Amino acid sequence: MADQNTKILRGRLLTFHGDPMGAKDTAAYSYEEDGALLIAGGKIAARGPFADIRAGAPDAPVTDHRPHLILPGFIDTHIHFPQAQVIASWADQLLDWLNDYTFPAELKFADKTHGERIASAFYDALLSHGTTTASAYCSSHSNSVDAYFEEAEARGMLMLGGKTMMDRNAPENLCDTAQGSYDDSKALLEKWHGRGRARYVVTPRFAITSTPEQLEAAGSLLKEYPECHLQTHINENHNEIAYTLELYPEAGDYLGIYEQFGLLGRKTLLGHCIHMNDRELGVMRETGSVAVFCPTSNLFLGSGLFDRKRLESNGIRTAIATDVGGGTNYSMLRTLDEGYKVLQLQRQRLHPLACFYWITLGNAKALSLEDRIGTLEPGTDADLVVLNAGATRPMALRMETVETLSEELFVLQTLGDDRAVVETYVCGEARRPA
Ligand code: GUN
Ligand code: ZN
């Protein structure tokens, strides 16, 4: 008899081992046309041709997803949970958008009930778009962090996040203090980090909304808890950069501020990284900090073009993310589409296999979580997405002429959204909201 939690998922399997140079780079990915995953205890126990997996587990129930693709669940490395009602707000550029829409919306998270309602809708949105892990900014209220991680726990999801630290240049009721933000973050970190699948992220919003004392407090937290990530924003918008350098007149450049307070390292996620100087690139490389590309946000707020080639040729680790609500869609497929266009404008055409690598194993590596998620390797958590490249009429029509896997992936990223997501599995359980 098969164990109650043992099951087989059958479909066309695609997983990555490295960043593919193209379809011929077969060492970088594995594709199995009639493949199967054996799921046991929420993990992938085995992967291979369906016939082999079946032979090894003759009693396990089978869910047949053919002709759809089964991939590792998508990973969103930068998103704002309290901005679920900010998305699609008609604003000028970053600083006006923050003051006019974002801060007022985040103020509402002082109320735990509001946080709980938005958390439920937020996770429904992630799962219906095939995203199984994300790193989110909560609001500056501890309540919002509890609401965020409680809902993740109820759904069994591996989520990263933290309280947004901000002690100036924002409405009074959104501001904390350097000491208060240290104390609250520490208490939340002690409560949540490592509880089930939760991971705490030290989260100073950006230098404009943090005094030097607060950035120092963030640095102290990281020193005390080096296993935690840190996330913040940098070099997104020209007005933001000018104001930042006014507030920190001693700093030679933006990254120098975060550097000075010990905020950089392999677990540091820096949102945007659009307007970087050469010195900053060198420091990014030396510290192993991650540059997070947020294409829909960068286009929506008119921030600028992320220069992936320049960053990667300088040895800098990169990730890709939605940045909802500056970003305009929860879908990592829509994000790839816009990202592709941003890179096209700079004559940096990305192969579809490289695109799907980025939103799975690439982002898992950027989060240093590739031993757990972002892959279909046996032993990792069974967080998966099932994709239908013919989900809409225009997609089905286009698919009539598609002959290769790469072409199919490109249809998915160019035309796909939540309608292409047939199912989302979290630890082997089907979790796509009805
Ligand atoms: N910089 C500081 N806060 C934010 C935010 O909420 N969104 C974006 N896109 N940039 C920021
Ligand atoms: Zn952001």
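Residues numbered from 1 in each chain as written. Chains lettered and ligands numbered in written order. Predicted model: local features only at pLDDT ≥ 70, side-chain atom pairs only at ≥ 80, totals over all residues. Heavy atoms only, no water.

Draft legend 1. Highlighting the sheet that holds strand β15 (residues 421–426). Taken together, the seven strands give an open sheet; going across it, the order is β3-β2-β1-β4-β14-β15-β16, and neighbouring strands pair in mixed fashion. Lying at the two open borders of the sheet, with one neighbouring strand each, are β3 (43–49) and β16 (429–430). Here strand β1 (residues 7–16) pairs with strand β4 (residues 62–72) via five bridges, running parallel. From the neighbouring strand, L9 faces β4, where its bridge partner is T63. (Pairing = 2+ DSSP bridges. Helix = DSSP H or I, 4+ residues; strand = E, 2+ residues; numbered from the N terminus.)

Draft legend 2. A look at helix α4 (residues 142–155). Under the 1.5 Å per step criterion, the end-to-end length of α4 is 20 Å for 14 residues, consistent within 8% with the ideal 20 Å. Along α4, the residues that are buried comprise S144, V145, D146, A147, Y148, F149, E151, A152 and R155. Along its buried surface, α4 packs onto α3 (112–128), β6 (131–137), β7 (160–162), α5 (178–192), β9 (199–204) and β15. One or two steps after α4, the chain reaches G156, where phi turns positive at roughly 75 degrees. (Expected span 1.5 Å × (residues − 1). Buried < 20%, exposed > 50% of the residue type's maximum accessible area, 1.4 Å probe, protein only. Contact = heavy atoms within 4.5 Å.)

Draft legend 3. Summary view of the coordination of the zinc ion (ligand 2). All of the protein donors around the zinc ion (ligand 2) are H78 (NE2), H80 (NE2), H233 (NE2) and D323 (OD); their distances to the metal are 2.1 to 2.3 Å. Around the zinc ion (ligand 2), the four donor atoms sit at angles spanning 91 to 167 degrees, and that spread fits a shape best called irregular. All donors to the zinc ion (ligand 2) come from one chain, and their sequence spacing reads H-x1-H-x152-H-x89-D. Of this pair, H80 sits in strand β5 (residues 74–80) while H233 sits in strand β10 (residues 229–234), placing them 153 residues apart in sequence. The pair formed by H80 and H233 is uniform in burial state, with each residue classed as buried. (Donors = N, O, S within 2.8 Å, 3.2 Å for Na, K, Ca; no water. Tetrahedral: all angles 85-135°; square planar, octahedral: opposite > 155°, others 65-115°.)

Draft legend 4. How the structure looks around helix α12 (residues 332–344). The end-to-end C-alpha distance of α12 is 18 Å, a good match for the 18 Å that 13 residues give at a rise of 1.5 Å each. Most of α12 sits out of view: ten of its 13 residues are buried. Listed as buried for α12 are M332, L333, R334, T335, L336, D337, G339, Y340, V342 and L343.

Draft legend 5. Representation of a nonpolar patch on the surface in the model. On the surface, a nonpolar cluster with roughly 260 Å² of combined accessible area is contributed by L299, L305 and L345. According to the relative accessible area criterion, L305 is partly exposed, its value standing at 33%. (Patch = residues over 30% accessible without salt bridge, like charges linked within 9 Å, V, L, I, M, F, W, Y side chains within 5 Å. Areas by Shrake-Rupley, 256 points an atom, 1.4 Å probe, with all protein chains shown as cover. Salt bridge = Lys/Arg side-chain N within 4 Å of Asp/Glu carboxyl O.)

Draft legend 6. Looking closely at the side chain of T244. By secondary structure assignment, the location of T244 is in helix α7 (residues 238–247). Once residues lying within four places of it in the same chain are set aside, the contact partners of T244 are A207, I208, Y254 and I257.

Draft legend 7. Expanded view of the site of ligand 1. Around ligand 1 sit H80, Q83, L94, W97, L98, R205, F206, H233, E236, H272, S297 and D323, and that is every residue in its neighbourhood. At 2.7 Å, a side-chain N or O of R205 approaches an oxygen atom of ligand 1. The contact in question runs from a nitrogen atom of ligand 1 to an N or O atom on the side chain of E236, over 2.8 Å. Relative to its free-state accessible area of 280 Å², ligand 1 is covered by the protein chains to the extent of 100%. Given that more than half its atoms are within 2 Å of the pocket grid, ligand 1 belongs to the largest cavity. For the shell around ligand 1, the leading source of residues is helix α2 (residues 94–107), giving three residues. (Near = heavy atom within 4 Å. Polar contact = N/O pair within 3.5 Å; in protein donor to acceptor, adjacent residues only side chain to side chain. 1 Å grid on protein atoms, 1.4 Å probe; cavity = no way out; pocket = protein on both sides within 12 Å on 5 of 7 lines; lining within 4 Å. Sits in = over half its atoms within 2 Å of the grid points.)

Draft legend 8. Molecular detail of the nonpolar core. Counting residues in each nonpolar core, the largest one holds 104 residues, and the members touching the most others are F122, Y258 and F356. At eight residues, the largest contribution of residues to this core is made by helix α13 (residues 352–366). Among residues more than four places away in sequence, those in contact with F122 are I79, H80, F81, A136, Y148, M159 and Y330. If you look at the next biggest cluster of nonpolar residues, it comprises 15 residues, including I75, L158, A319 and A366. (Core = buried A, V, L, I, M, F, W, Y, C linked by side-chain atoms within 4.5 Å.)

Draft legend 9. Expanded view of the packing of aromatic side chains. Inspection of the entire model under this criterion finds 14 aromatic pairs. Their ring planes at 10 degrees and their centres at 4.5 Å tell us that F293 and F306 sit as a pair that is stacked. With F293 in strand β12 (residues 290–293) and F306 in the loop between α10 (295–300) and α11 (308–313), this pair connects stretches of sequence that are 13 residues apart. Across the pair, exposure class does not vary: F293 and F306 are buried alike. Members of the aromatic cluster, connected to one another through ring pairs, are F81, F109, F122, Y123, Y148, F149, W192 and Y330. Stacked on the ring of F50, the Lys or Arg R10 has its end atom at 3.6 Å from the ring centre. (Phe/Tyr/Trp six-rings, centres within 6.5 Å; stacked < 30°, edge-to-face > 60°. Lys NZ or Arg CZ within 6 Å of the ring centre and 35° of its normal.)

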